[in-house]
Amino acid sequence: MIKFLPIGGAREVGANSYYLQIAGTGILLDCGIHPRKKGLDSLPLFDLLENYPLDFVIISHAHQDHIGALPFLIKKFPHVIIYTTPYTKELVSVTLHNAVNILKKETNGEENISFFTHEEIDLLVRSIRDYDYNEEFELRGLNSSAQLKGCFFDAGHILGSAMVMIKTDDKKILYTGDMNLSDQSIEIGADLEALNDVDFLIMESTYGDTDTKLTGNWESERNRFINELNKIISKGGSVLIPVFALGKMQEMLMLIHEAIRSGKLTDAEVYTGGIGREISSIYDRFRYVVRRKNRDTELKQIPQSNLYEINDYNHYKKNPGYLLASSGMMLEGTTSFQLAEFWLKQKDFAVFGVGYMDPATPGYKIINAKNNDALKLRGDREINVECEINRFYFSAHANRDSLINFAKRLKPGAVILVHGEESAQNWIGYHLLESQPGVKLFSAELGKEIIVGD
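These lines cover the structure that appears in this document, whether it is placed above or below. Here the structure is a predicted model, which is why all the values come from computation and not from measurement.

**Quick notes on the pattern of salt bridges**
Pairing is possible between side chains of opposite charge, provided their charged atoms come close. The full count for this structure, using the stated rule, is 21 salt bridges. Residue Arg11 pairs with Glu422 through a salt bridge whose shortest N-O separation is 3.9 Å. One end of the pair, Arg11, is in the loop between strand S1 (2–8) and strand S2 (17–22); the other, Glu422, is in helix H13 (residues 422–435), and 411 residues separate them in sequence. Note that Arg224 and Glu221 form a salt bridge whose closest N and O atoms lie 2.8 Å from each other. Of this pair, Arg224 and Glu221 both sit in helix H6 (residues 218–234), three residues apart, which is roughly one turn of the helix. For Arg224, a relative accessible area of 30% corresponds to the partly exposed category. Salt bridges here are not isolated pairs; linked through shared partners, they connect Arg11, Glu422, Glu445 and Lys448.

**Observations regarding unusual backbone geometry**
Of note, the bond from Ser326 into Ser327 is cis; its omega dihedral lies within 30 degrees of zero at 15 degrees. With a phi angle near 50 degrees, Ala15 is a residue other than glycine that sits in the positive phi range. Within the fold, Ala15 resides in the loop between S1 and S2. Take Ala15: its relative accessible area is 5%, and that puts it in the buried class. In this structure, Asn294 takes a positive phi of about 55 degrees despite not being glycine. Within the secondary structure, Asn294 sits in the loop between helix H8 (275–285) and strand S14 (305–306). Taking relative accessible area as the criterion, Asn294 reaches 22% and is therefore assigned partly exposed.

**A look at the packing of H6 against helix H7 (residues 248–261)**
Orientation of H6 relative to H7, taken along the N-to-C sense of each, is 65 degrees, at an axis distance of 11 Å. The chirality of how H6 crosses H7 is right-handed. The segment H6 lies against H7, with Trp218, Arg222, Phe225 and Ile226 engaging Glu251, Met252, Leu255, Ile256 and Ala259. Class assignment for the residues of the contact of H6 with H7 results in seven nonpolar, no polar and two charged.

**Overview of the nonpolar core**
Among the nonpolar cores identified, the biggest contains 101 residues, and Phe225 and Ile241 are the most heavily contacted of them. Considering every element that reaches this core, the biggest residue donor is H7, with eight residues. Apart from the residues within four sequence positions on either side, Ile241 is in contact with Phe225, Leu229, Ile256, Tyr322, Leu323, Leu324, Ala325, Phe352 and Val354. If you look at the next biggest cluster of nonpolar residues, it comprises 31 residues, including Val13, Leu339, Leu344 and Met357.

Thresholds, definitions, all that
- Residues numbered from 1 in each chain as written.
- Predicted model: local features only at pLDDT ≥ 70, side-chain atom pairs only at ≥ 80, totals over all residues.
- Heavy atoms only, no water.
- Salt bridge = Lys/Arg side-chain N within 4 Å of Asp/Glu carboxyl O.
- Helix = DSSP H or I, 4+ residues; strand = E, 2+ residues; numbered from the N terminus.
- Buried < 20%, exposed > 50% of the residue type's maximum accessible area, 1.4 Å probe, protein only.
- Axes fitted to C-alpha atoms, helices over the stretch in contact; angles between N-to-C directions.
- Left-handed = near helix turned anticlockwise from the far one by under 90°.
- Contact = heavy atoms within 4.5 Å.
- Nonpolar A, V, L, I, M, F, W, Y, C, P; charged D, E, K, R; others polar.
- Core = buried A, V, L, I, M, F, W, Y, C linked by side-chain atoms within 4.5 Å.

Remember, this is a structural readout, not a statement about activity or role.
What follows is the structure, given as structure tokens:
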């Protein structure tokens, strides 16, 4: 019998964590924190696991909504063995240290929550067992005689990201994690060469409610992006580009660098900073051993100014440029949020959205605003929108049509939809059933167990 239990990230994007029980072996797929919530509320519902066996945690990639809660899980279940790719393992240390620092600030002495020290995080990272893409590893549960096998396949999302295959004697289960089927500036689309029929597919649905015709492709968006950047710089303005420090910052940095080098984009200052630079150095270190474009270009060699050294935002009026600032959703209190409060009031400036924005975040509100709108970003204080706002689709996730085609390729007997708003899952579900009438379809619901096999 195969049981599936979402303890986070069911009908939303955040705190992604999914429990599988296969023949008595307990496996947790990812263990993230919720970007919009704080303290204990940001963690998956670990208490739901108390009556289940838990032997392994398999991490698909190092974004905080997939990895940030791992230290708190290990406090509760110290015997659990962690698996991921070697590239994700390198990124995990940076991500976890940062996530725990953020949670400490947010909880401010909140009871019933204990934190890892930095030494304990280092020990946790060293304990992770890493396997490269297409390399099988054994999963034998403590109280199970079943011999399961796991394998990672490049998911094309960020450095180290993986789809996770779990095999029993007669069944194959694939968890996509965050998956992208198209090339980006650095990452090459997911490696599907060794993937064939599966029995159960646990699939992300992030962009299920976004019309693919509206998003274009990476190349067409790149050209539109460059044209719009040139317009702002020619007016003497600067462009704020909110990015995730892991993945999106590196992709946008490479795109801007190549456009400047080719003469298509006006040569202006590029501003970066924070942990994004640490992450870029990891990208550089592995550039020859993973599937990627631009292997000969080191991100650290791209000229960059440190935006964290600039306290007077009027600097950007005198020194126009491109600011790659986190967080990608402009969460309150982050650098991109603070910059946005200044930016929105600058007539010749612009905010360009380049990634996913949760509908409940300030970033979503900003990127959907129009000129002269009065925005309330915190409290009742209004900011009148005077800058230009533009939305670009440089997604690191598969679009909805690609997801449907991906599922058709694998011919699963059952599909469980995760990592997407309810409207996104509804669109994917409807069109999956239309194209594969015999498939068993489930929409993951927080805390609700699904039995997907005998």
